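Report on the structure
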Amino acid sequence: MSVTPAKAVSRSVSGAQWGHRLTAEIGKAVLGQLPIIERLQIALLTGGHVLLEGMPGLAKTLLVKSLAQALGAEFERIQFTPDLLPSDVVGTMVFSPSDGRFTPHHGPIFANLVLADEINRAPAKVQSALLEAMQERQVTLGGVTHALPQPFLVMATQNPVEQEGTYPLPEAQLDRFLFKLLLDYPSHEDELLMVRRWGNVTSHPELAAVSSGAELLKLREEVDRIHVAESVQAYVVTLVRATRALASGGGRVSTSAERTLAYGASPRAAIAIAEAARGHALVAGRPSVGFEDVKVVAQPVLNHRLILNYQARFDRMTASKLVSELLGQLDETGLNLPKDVELANA
């Protein structure tokens, strides 16, 4: 799949125009994953990272590579294996015999979009090196700090099967990801179109760079200008606190969700929902965040932050189902929301 040079873009572009342009370009290569593409755009706008879980062959690599091409950004893929070393990710110091000096050699983490493929197949020290770079957005080599390029997004993948010989990410490290997205199989129509579009040996869809890193960084400034009303802020905080109340057995939720959590979401989750809701409102072309924006991003933000207990896993309860139920309860009863807070979009 080749990339053509970027076309001249307007200096002033709305988030909705930017999102539509990227979605249309990525859609030339990736079919049937519009919600996932939108969530990745939100992650780019808010500077968050994404954990993607799906079966092999669902175009996870193609998805992030196409996003990088449409954005006109540098892309790197790291295949995580049990023998991988931290230096294989972040880089190392290389000795030069000619002058007797050590010079830094940057690893594949020094790219705008990085695919950490099957992150749970590498040992903890490699995972920690990647997650530290994700959080600090810099790498230290030979005592010298090197800033990572901007924009910077890591999309890590996990395979939901074949858990033997893997190193599951600790819950504290999972919290570093903005979203956990669950990739499903495409529809019959989309899969048929895939065969027609990609079933050739020598000709494949060509993508053009329709945006740039500079344009994305400019749009990030617009995210902070999206207004979040106090009622929406209270809605977010009440939802997150409801997960903690549920974990402690004090939540007012329906019977099917009762005592299903070992641990609820932290305040970082509330901040992440607010940031992601701002990004969603920008992509949707709205000047302020509504309750629907919160509902759209709540599940991917909380998917990996809610720790289900054994009984819940035995009953096939999932974090997504639980969040949906909590959102429904919140709309119906308010879940202890202050009386002076309206639960309706203005």
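Residues numbered from 1 in each chain as written. Predicted model: local features only at pLDDT ≥ 70, side-chain atom pairs only at ≥ 80, totals over all residues. Heavy atoms only, no water.

**Points about the overall build of the protein**
Counting its regular elements, the protein contains 13 helices and 13 strands. Out of the 346 residues in the protein, the part that is buried amounts to 48%. Of all intrachain contacts in the protein linking residues separated by at least 6 positions in sequence, the fraction that spans at least 24 positions is 78%. For the protein, the exposed area adds up to about 16900 Å²; of that, 52% sits on carbon and sulfur atoms. (Helix = DSSP H or I, 4+ residues; strand = E, 2+ residues; numbered from the N terminus. Buried < 20%, exposed > 50% of the residue type's maximum accessible area, 1.4 Å probe, protein only. Contact = heavy atoms within 4.5 Å. Areas by Shrake-Rupley, 256 points an atom, 1.4 Å probe, with all protein chains shown as cover.)

**Structural notes on the environment of L193**
Residue position: L193 is located in helix 7 (residues 188-198). A relative accessible area of 30% means that L193 is categorised as partly exposed. As for L193 and L31, which are separated by 162 residues in sequence, their C-alpha atoms are 7.9 Å apart.

**Regarding the side chain of N112**
As for its position among the elements, N112 is in the loop between strand 5 (101-106) and strand 6 (113-117). A residue is classified by how much of its surface remains accessible, and N112, at 12% relative accessible area, is buried. For N112, the side chain forms a polar contact with the main-chain nitrogen of E74, separated by 3.0 Å. If we skip the residues at most four places from it in the chain, N112 touches A73, E74, P149, Q150, P151, F152 and L153. (Polar contact = N/O pair within 3.5 Å; in protein donor to acceptor, adjacent residues only side chain to side chain.)

**Let's talk about the layout of surface pockets**
One number sums up the size of the largest pocket: a volume of about 830 Å³. Taken together, 23 residues make up the lining of the largest pocket; nearest its centre are E53, K180, N303, L308 and R313. Put simply, the parts of the chain that give the lining of the largest pocket at least two residues each are strand 2 (50-53), helix 6 (171-174), strand 10 (179-182), strand 13 (307-308) and helix 13 (319-333). Its residues assigned to classes, the lining of the largest pocket shows 11 nonpolar, eight polar and four charged. The volume enclosed by the second largest pocket comes to roughly 290 Å³. Surrounding the second largest pocket, 16 residues form its lining, G48, Q135, R176, R268 and E275 being those nearest its centre. (1 Å grid on protein atoms, 1.4 Å probe; cavity = no way out; pocket = protein on both sides within 12 Å on 5 of 7 lines; lining within 4 Å. Points joined across faces, edges and corners; volume = space filled by probe spheres on them. Nonpolar A, V, L, I, M, F, W, Y, C, P; charged D, E, K, R; others polar.)

**Side note on the pairing of strand 7 (residues 138-141)**
Residue alternation in strand 7 divides its side chains into a buried set, V139 and L141, and an unburied set, Q138 and T140. Of the pairings in the sheet, the one linking strand 7 to strand 8 (residues 144-147) comprises four bridges and is antiparallel in character. Looking at the pairing, Q138 lines up with A147 of strand 8. Following strand 7, the chain reverses through two residues before pairing antiparallel with strand 8; G142 in that reversal takes a positive phi of roughly 60 degrees. (Pairing = 2+ DSSP bridges.)

**Notes on the environment of I26**
Topologically, I26 is positioned in helix 1 (residues 15-26). Setting aside its immediate chain neighbours within four residues, I26 contacts I37, L63, S66, L67 and A70.

**A few points about the sheet that holds strand 2**
A sheet is described by the order of its strands in space; here five strands give the open sequence 3-6-9-2-10, paired in parallel fashion. Edge positions in the open sheet fall to strand 3 (75-79) and strand 10, since each of these has one partner strand only. The mean inter-strand angle of the sheet, taken between neighbouring strand axes irrespective of direction, is 20 degrees. As paired elements, strand 3 and strand 6 share five bridges and run parallel to each other. (Axes fitted to C-alpha atoms, helices over the stretch in contact; angles between N-to-C directions.)

**Remarks on the packing of aromatic side chains**
Under the counting rule described, the total for this entry stands at two aromatic pairs. Consider the rings of F95 and F102, whose centres lie 5.1 Å apart with planes at 55 degrees: the pair is tilted. Overall, the relative accessible area of 54% leaves F102 in the exposed class. (Phe/Tyr/Trp six-rings, centres within 6.5 Å; stacked < 30°, edge-to-face > 60°.)

**Looking at the pattern of salt bridges**
Tallied over the entire structure, the rule returns 13 salt bridges. Close ionic contact of E292 with K295 constitutes a salt bridge, the shortest N to O distance being 3.4 Å. One end of the pair is E292 and the other is K295, both in helix 11 (residues 291-302) and three residues apart, which spans about a single turn. Take K295: its relative accessible area is 24%, and that puts it in the partly exposed class. A single salt-bridge network, built from bridges that share partners, covers D175, R268 and R305. (Salt bridge = Lys/Arg side-chain N within 4 Å of Asp/Glu carboxyl O.)

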